[in-house]
Structure formats: structure tokens, C-alpha cells
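Fold and geometry: a report
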Amino acid sequence: MPSSKAVPSSRTHLPEWRAVADHARVSGQLPLRELFAADHHRAERLSFEACGLFVDHSKQRLNDGTLPLLVQLAQACGLRDRIDAMFAGGRINATENRAVLHVALRAPRTESITLDGQDVVPGVHEVLDRMAAFCDRVRKGEWLGHTGKRIRTVVNIGIGGSDLGPVMAYTALRHYADRELAFRFVSNVDGTDFAEAVHGLDPAETLFIVSSKTFTTQETLANARTARAWALAALGAEAAVAKHFVAVSTNAKEVAGFGIDTANMFGFWDWVGGRYSMDSAIGLSTMLAIGPERFRELLAGFHAMDEHFRTADFEQNLPVLQGLIAVWNTTFLGAHTIAVLPYDQYLARFPAYLQQLAMESNGKRVTLDGRVIDDYETCPVYWGEPGTNGQHSFYQLIHQGTRLIPCDFIGFLKSLNPVGRHHDLLMANCFAQAEALAFGKTTAEVRADGVPEDLVAHKTFPGNRPSTTILAERLTPHVLGSLVALYEHAVFTAGAIWDVNPFDQWGVELGKVLANRIVPELESGTEPTLDHHDPSTAALIRRYRAR
Ligand code: G6Q
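Below you will find a few notes about this structure. (Residues numbered from 1 in each chain as written. Predicted model: local features only at pLDDT ≥ 70, side-chain atom pairs only at ≥ 80, totals over all residues. Heavy atoms only, no water.)

**A closer look at the sheet that holds strand β10 (residues 337-342)**
Pairing is mixed across the open sheet formed by 6 strands, whose spatial order is β1-β2-β13-β12-β10-β11. Only two strands of the sheet have a single partner each, and these edge strands are β1 (47-50) and β11 (381-383). Taking the axes of each pair of neighbouring strands and ignoring which way they run, one obtains an average angle of 15° across the sheet. Along the sheet, helix α15 (residues 350-362) makes contact with β10, β11 and β12 (407-412), crossing β11 at roughly 165°. (Pairing = 2+ DSSP bridges. Helix = DSSP H or I, 4+ residues; strand = E, 2+ residues; numbered from the N terminus. Axes fitted to C-alpha atoms, helices over the stretch in contact; angles between N-to-C directions. Contact = heavy atoms within 4.5 Å.)

The structure is reproduced here in C-alpha cells:
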């Protein structure tokens with residue numbers, strides 16, 4: 001008798017999927033030179049604007065049919081329902097049975113978002129108000145350390161989602177930061193990270209923020225314990241902890257157990273994923289740096305993009321288009337990576353932030369209903385460095401290598417540090433790189449330059465290498481919020497097409513479990529039995545123990 005359990009159907013069985021795949025075979029290689037030559041309005045037609053961001057997709061390998069087919073695919077994949085379910089507090093993180101409501105973190109007071117019949121927005125603002133009051137006290141020098149000195153340095157201890165967002169946001173918004181306060185970040189369990197972060201600091205003037213959603217993370221707790229020992233060694237009394245440690249967490253019990261007064265704890269909720277938490281209390285270091293008002297501008301930027309994503313037609317919807325083009329380039333045109341290239345030094349950590357956002361979200365090989373995906377590729381590798389530095393290292397491969405590497409260029413019309421001609425030079429490079437990638441330099445053009453025949457092939461640029469250019473007026477907290485939300489929702493969109501759950505991260509578990517098993521084997525005084533390890537791992541452990 002045939003089983004009554006329906007076999008989950010692959011996305012590839014959708015007619016809309018096949019239509020995109022067929023289209024990719026026919027049109028995916030069309031040269032950008034020809035596409036631009038055939039349509040003088042292409043740049044305008046494929047540029048989109050919302051929430052202070054101007055996004056030019058015209059240098060992507062798209063022809064007239066591509067975006068409509070991708071939008072039809074999004075509709076067939078139920079993207080609209082998924083968006084509505086997220087904003088309505090549905091438990092769309094099915095494998096963890098959780099709602100996904102980071103959009104509530106930036107909802108204005110006047111809005112309401114309900115989860116299990118309860119409006120979560122008042123709770124969000126209650127925490128924001130407490131954070132603001134705390135930040136004002138620290139920034140004004142009213143919050144004093146144990147010996148009566150004001151706080152001069154803030155050290156955020158956290159890892160993954162509790163580190164990358166705070167580091168990225170602090171770096172990005174440093175222009176707006178209170179320069180009287182210094183900020184350092186400790187994430188790695190490597191003792192070097194802690195040692196270097198506190199080097200030269202006066203414990204009497206240092207405030208640690210222990211940022212951990214679960215407050216059980218091995219690395220963060222190890223660093224927090226070391227920080228407490230470091231502070232108490234100088235300050236003596238246990239009572240100093242209350243003045244030099246605050247916590248950001250969802251786990252009041254563990255926070256209290258660690259010795260931090262829960263009056264000095266800023267909470268958030270299980271419906272905020274770590275990599276979606278930089279605008280929750282995890283952003284405490286950001287708020288300390290830029291102040292509560294600017295932090296609210298950051299939230300307003302996120303919210304503007306949330307509303308755009310929720311309401312705009314897919315054809316004009318920035319995150320939807322961004323997500324669909326990522327799917328187009330990787331799943332249908334075969335690119336394995338996407339390079340993110342900010343032409344702004346303040347965005348130096350943006351590619352690293354995006355790496356976690358995209359790859360921890362969509363780096364999956366099983367669909368929501370449990371089918372192993374063996375007939376299409378999901379999330380690409382995200383990577384990047386700020387321009388122009390990257391031009392002098394890895395751009396060679398993007399221009400002339402054998403691989404297809406779509407690029408996102410991000411730039412600003414105005415510099416926050418106008419110095420001589422620097423900004424013109426910077427942006428000239430940004431525009432030039434996208435132009436060179438798209439149009440290349442043909443063999444005929446190289447020959448016309450009088451290049452010797454034996455070098456012609458070497459000096460030819462094939463072109464047709466796709467990129468998107470994102471521009472904003474200047475890097476403000478509002479723009480940063482919109483930019484991050486653009487990528488958050490683009491990741492969501494791509495996840496809906498790939499049919500994966502962007503909100504779990506089971507793939508990080510196995511290594512953690514194995515590490516916990518190896519720790520006692522490294523620390524034990526007696527020779528442990530290593531029979532349960534493979535020969536390579538056992539030999540590495542023996543070598544380490546024999547040091
Ligand atoms: C993010 C991940 C992960 C998490 C860290 C830190 O989405 O879940 O990067 O943020 O493992 O976790 P804690 O905040 O619980 O310490």
C-alpha cells in the first residue's frame with residue numbers, strides 16, 4: 001500500500017521555477033554591453049529608490065523578462081504569506097517553534113504587534129527607555145565606578161550575534177560617537193582577545209557589558225569570568241561588580257547566578273534571533289556610543305525599510321528584488337559567492353556582519369518540511385572588504401578569474417570626513433570598478449591600444465560580471481538602519497525561495513558538543529582514552545597534551 005504521507009515537493013517542480021531556469025539558460029549569459037546598447041533607459045528602469053537608498057541593478061544580468069519571472073517565482077513560493085506571517089507574529093521559526101519579530105524592536109510606540117494575543121511593543125519601549133536612562137547617566141558621567149570615578153571605557157563581551165552587530169554598528173557610526181568614551185569588544189575565547197581589549201585600561205573606569213541572549217555561551221561566560229576577576233583584582237570588593245558589570249540577556253536567572261544584579265540587566269525576548277538583535281538591548285554599546293536620540297534614528301531607519309518591505313509591490317520592493325537577484329545569481333547562474341564591497345571605511349565590518357546574517361540564516365540544505373535539498377544550490381558565501389583596499393588585492397580574480405562573482409557596491413554621495421579630493425577619488429573608484437566589471441575591455445580594444453600580440457589575452461577583460469550599486473546621501477544612523485533591514489529582508493526573501501528556515505542554526509551545535517567533550521581531555525592530568533576519536537583527532541589531542 002502506498003504511504004499516505006505526502007512526499008514534500010521540491011521548488012524545482014513549480015512551473016515558475018522551471019520558467020526561471022529556462023530563462024536563465026537562454027538569457028542568463030546575454031552580454032551587458034548588448035543589453036545596455038539595446039535600451040538607453042536601462043539604468044533608470046532597473047534602478048529603485050526607497051528609505052534613503054538608491055539601488056541600481058542595471059549592471060546585473062537581467063533582461064526584460066527576468067525580474068517579472070523572478071517575481072512570479074516569489075509569488076508561487078508564498079513570499080507574501082511568509083511576510084505577513086512574520087509581521088503577524090506567526091511561529092515561522094518552525095524548527096524552534098518561535099515567532100520571528102525583530103521588526104517589533106523598531107516599531108514606534110504608536111504601533112502594536114501581537115504575539116499570542118499580547119502586544120509586544122510596549123515591552124520593547126520599556127527596555128529602550130531603561131537603556132536610554134542608563135546611557136544618559138553613563139554619558140553624562142553620573143554613573144560612577146566603585147571608586148567614584150566616571151566610566152571612560154565600555155567593553156562589550158559577546159560573540160556571534162551578540163558581537164558582530166555591536167562591533168559593526170559602533171564602527172559604522174563612530175562619527176556620531178561620544179569621543180570621551182572608548183569602546184572595545186571581546187568575543188573570542190582566545191585569551192589574547194581579552195588581554196588586548198583591556199590592555200592599558202583602568203578597571204576603576206571600565207564598564208563591561210556582558211551580552212548574551214542565553215547567558216550560557218561558553219566563550220562569553222569564560223570572558224565574563226575573566227573580566228570579573230580582572231576587575232576585582234584591582235577593585236577588591238565584590239560590590240564593585242554592580243558598578244562595573246551590566247548584562248544584556250533573556251535569561252535573568254543565569255545573569256543573577258553570575259553575580260550581576262538584574263536591576264542592571266536589559267532584557268529581550270526569544271523571538272529575537274541573535275543575528276537579528278543589534279537593534280535590541282544587544283545594541284546597548286551602540287546607544288552608549290551615539291546616544292539614545294541617534295539610536296532612535298537608527299531604529300527609525302530599520303522601521304522605514306520594514307514598512308517598505310511589508311507594503312511595497314514586489315516589482316518595486318528593494319529587499320524582495322535584492323533577495324531575488326541573489327537567488328538568480330547563485331541558484332540559476334551558478335555563482336558560489338557574493339562580494340560585498342563598501343566604499344566607506346566606516347562600513348569596514350559590514351561584510352563580516354552580513355556574513356553571519358546571510359550564511360547562518362540561509363546556509364541550509366533541508367527544506368522547512370524536512371526534505372534534503374539535492375536539486376538546487378542555496379546560500380552563497382558572502383565576503384568582502386572595503387574599497388579601495390580590495391582593489392589592490394582580490395579584485396583581480398573578480399575581473400579576470402574563471403569564477404562568476406556578483407558584487408554589491410555600497411557608497412555615499414557625501415563623506416562624513418571631507419578631506420581634499422579623497423571622496424571624489426574614492427567614489428570614482430567605486431563607479432569605475434562596477435563599470436569595468438560590466439563592460440570589460442575587448443580584445444579589439446586592447447589591440448587598438450597597441451598592446452603586443454602576446455599580451456592581448458592577458459590584458460583583455462571579459463566583462464559581463466554582474467554588480468549592484470547601492471548609494472545613499474551620507475552614512476547616518478537612519479541610513480544604516482535601512483541598509484541593515486534591506487539585507488535582513490533580502491535574506492528572508494531568498495530563504496523563502498530556497499524553502500529553508502532562515503531563523504534556526506542547528507549547524508553550529510555539533511562542533512560545540514564535540515568541543516565540550518575534548519576540553520576535559522586537554523585539561524585532565526591523566527592520559528585520557530581517546531578511542532572514541534578518529535585517529536587524526538586523537539593524534540592532535542595527544543600532540544597538544546604533550547606540549
Ligand atoms: C545568532 C546565533 C549566534 C549567537 C551566539 C551568541 O543568530 O544564534 O551567533 O548570537 O552564539 O549567543 P548568546 O547571545 O546566547 O551568547
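**Section: the layout of surface pockets**
Considered as a void within the structure, the second largest pocket measures approximately 380 Å³ in volume. Together, 15 residues line the second largest pocket, and Asp344, Gln345, Ser415, His423 and Leu426 are the ones closest to its centre. (1 Å grid on protein atoms, 1.4 Å probe; cavity = no way out; pocket = protein on both sides within 12 Å on 5 of 7 lines; lining within 4 Å. Points joined across faces, edges and corners; volume = space filled by probe spheres on them.)

**Observations concerning the nonpolar core**
Within the largest apolar cluster, 126 residues are counted, with the highest numbers of intra-cluster contacts made by Phe134, Trp271, Leu284, Leu288, Phe350, Leu480 and Tyr487. Once residues lying within four places of it in the same chain are set aside, the contact partners of phenylalanine 350 are Met168, Val340, Ile410, Leu483, Val484 and Tyr487. If you look at the next biggest cluster of nonpolar residues, it comprises 25 residues, including Val186, Phe208, Ala224 and Leu232. (Core = buried A, V, L, I, M, F, W, Y, C linked by side-chain atoms within 4.5 Å. Buried < 20%, exposed > 50% of the residue type's maximum accessible area, 1.4 Å probe, protein only.)

**Remarks on the site of the ligand**
In the vicinity of the ligand there are 13 residues, among which Ser162, Ser212, Lys213, Thr214 and Thr217 approach most closely. A distance of 2.6 Å separates an oxygen atom of the ligand from a polar side-chain atom of serine 162. Take glutamate 360: an N or O atom from its side chain is 3.3 Å from an oxygen atom of the ligand. Of the residues assigned to the shell around the ligand, the class counts are 1 nonpolar, 9 polar and 3 charged. (Near = heavy atom within 4 Å. Polar contact = N/O pair within 3.5 Å; in protein donor to acceptor, adjacent residues only side chain to side chain. Nonpolar A, V, L, I, M, F, W, Y, C, P; charged D, E, K, R; others polar.)

**Some words on the pattern of salt bridges**
If you walk through the whole model with that rule in mind, you get 27 salt bridges. With its nearest N and O atoms 3.1 Å apart, the salt bridge here joins glutamate 445 to arginine 33. Taken together, the residues glutamate 445 in helix α18 (residues 443-448) and arginine 33 in helix α2 (residues 32-38) connect sequence positions 412 residues apart. Residue glutamate 445 is classed as partly exposed on the basis of its relative accessible area, which comes to 31%. (Salt bridge = Lys/Arg side-chain N within 4 Å of Asp/Glu carboxyl O.)

**Quick word on helix α9 (residues 218-235)**
Note on helix geometry: an α-helix contains 3.6 residues per turn, so any two residues three or four positions apart are oriented the same way. Across its 18 residues, α9 extends 25 Å between first and last C-alpha, which sits within 8% of the 26 Å expected from 1.5 Å per residue. Glycine 236, located one to two residues past α9, shows a positive phi value of around 80°. (Expected span 1.5 Å × (residues − 1).)

**Focus: the packing of aromatic side chains**
Under the criterion given, the structure shown has 22 aromatic pairs. A ring pair is formed by tyrosine 343 and phenylalanine 409, whose centres lie 6.0 Å apart and whose planes are at 45°; its orientation type is tilted. Here the residue tyrosine 343 occupies a position in the loop between β10 and α15, and phenylalanine 409 occupies one in strand β12, the gap between them amounting to 66 residues. Each member of the pair, tyrosine 343 as well as phenylalanine 409, carries the same accessibility label: buried. Pairing phenylalanine 350 with tyrosine 353 gives two aromatic rings, centres 6.4 Å apart and planes at 25°, and the pair type is stacked. Of this pair, phenylalanine 350 and tyrosine 353 both sit in helix α15, 3 residues apart, roughly one helical turn. The two residues phenylalanine 350 and tyrosine 353 agree in class, both being buried. Members of the aromatic cluster, each reached through a chain of ring pairs, are Trp17, Trp328, Phe332 and Tyr376. (Phe/Tyr/Trp six-rings, centres within 6.5 Å; stacked < 30°, edge-to-face > 60°.)

**A few points about the side chain of threonine 367**
Position of threonine 367 among the secondary structure elements: in the loop between α15 and β11. The exposure class of threonine 367 is buried, given its relative accessible area of 6%.

**Here we look at a nonpolar patch on the surface**
Nonpolar side chains collect at one region of the surface, where Leu510, Val513 and Leu514 lie side by side and expose about 280 Å² of accessible area between them. Within the fold, leucine 510 resides in helix α21 (residues 509-523). By relative accessible area, leucine 510 is classed as exposed at 60%. (Patch = residues over 30% accessible without salt bridge, like charges linked within 9 Å, V, L, I, M, F, W, Y side chains within 5 Å. Areas by Shrake-Rupley, 256 points an atom, 1.4 Å probe, with all protein chains shown as cover.)

**Regarding the packing of helix α1 (residues 15-27) against helix α14 (residues 318-332)**
At a minimum axis separation of 11 Å, α1 and α14 run at an interaxial angle of 70°. The orientation of α1 relative to α14 falls into the category roughly perpendicular. The way α1 lies across α14 gives a crossing that is right-handed. Note on element contacts: α14 touches α1 through Trp328, Thr331 and Phe332, opposite Trp17, Val20, Ala21, His23 and Ala24. Residue composition of the contact of α1 with α14, grouped by class: 6 nonpolar, 2 polar and no charged. (Parallel < 35°, antiparallel > 145°, perpendicular 65-115°, else oblique. Left-handed = near helix turned anticlockwise from the far one by under 90°.)

**Observations regarding empty space enclosed by the protein**
Under the criterion given, the structure shown has 2 cavities of 30 Å³ or more. Here the largest cavity defines a volume of roughly 190 Å³. Considering the residues around the largest cavity, the lining is formed by 21 residues, among which Gln322, Ala326, Ile338, Tyr382 and Asp408 are closest to the centre. Elements with a minimum of two residues in the lining of the largest cavity: α14, α15 and α20 (477-498). Residues belonging to the lining of the largest cavity are distributed by class as follows: 13 nonpolar, 7 polar and 1 charged. By volume, the second largest cavity amounts to about 60 Å³. A per-class count over the lining of the second largest cavity returns 8 nonpolar, 2 polar and 1 charged.

**Here we look at the environment of alanine 444**
Of note, alanine 444 is situated in helix α18. Residue alanine 444 is classed as exposed on the basis of its relative accessible area of 54%. For the pair alanine 444 and threonine 460, spaced 16 residues apart in sequence, the C-alpha to C-alpha distance is 8.8 Å.

**Looking at the side chain of glutamate 488**
Within the secondary structure, glutamate 488 sits in helix α20. What glutamate 488 contacts, discounting residues up to four positions off in sequence, is His102, Arg106, Tyr276, Phe302, Tyr353 and Leu357.

**Some points on the sheet that holds strand β5 (residues 153-157)**
Strand pairing in a sheet relies on backbone hydrogen bonds, with the paired strands running either antiparallel or parallel. Spatially, β6-β5-β7-β8-β9 is the arrangement adopted by the 5 strands of the open sheet, whose pairing is parallel. For this open sheet the edge positions go to β6 (182-186) and β9 (265-267), each flanked by a neighbour on one side alone. Pairwise comparison of adjacent strand axes, ignoring direction, gives a mean angle of 20° for this sheet. Relative to β6, helix α8 (residues 191-198) is tilted by about 170°, and along the sheet it contacts β6 and β7 (206-211). Contacting β5, β6, β7 and β8 (245-249), α9 crosses the sheet at an angle of about 160° to β7.

**Focus: unusual backbone geometry**
Following glycine 387, the chain continues to threonine 388 via a peptide bond in cis, the omega torsion being 10°. Note on placement: threonine 388 falls in the loop between β11 and α16 (395-400). Unusually for a residue other than glycine, aspartate 116 sits at a positive phi of about 50°. Considering the arrangement of structural elements, one finds aspartate 116 in the loop between β3 (114-115) and β4 (118-119). Residue class for aspartate 116 comes out exposed when judged on its relative accessible area of 60%. Within the chain, phenylalanine 215 stands out as a residue other than glycine whose phi angle is a positive 55°.

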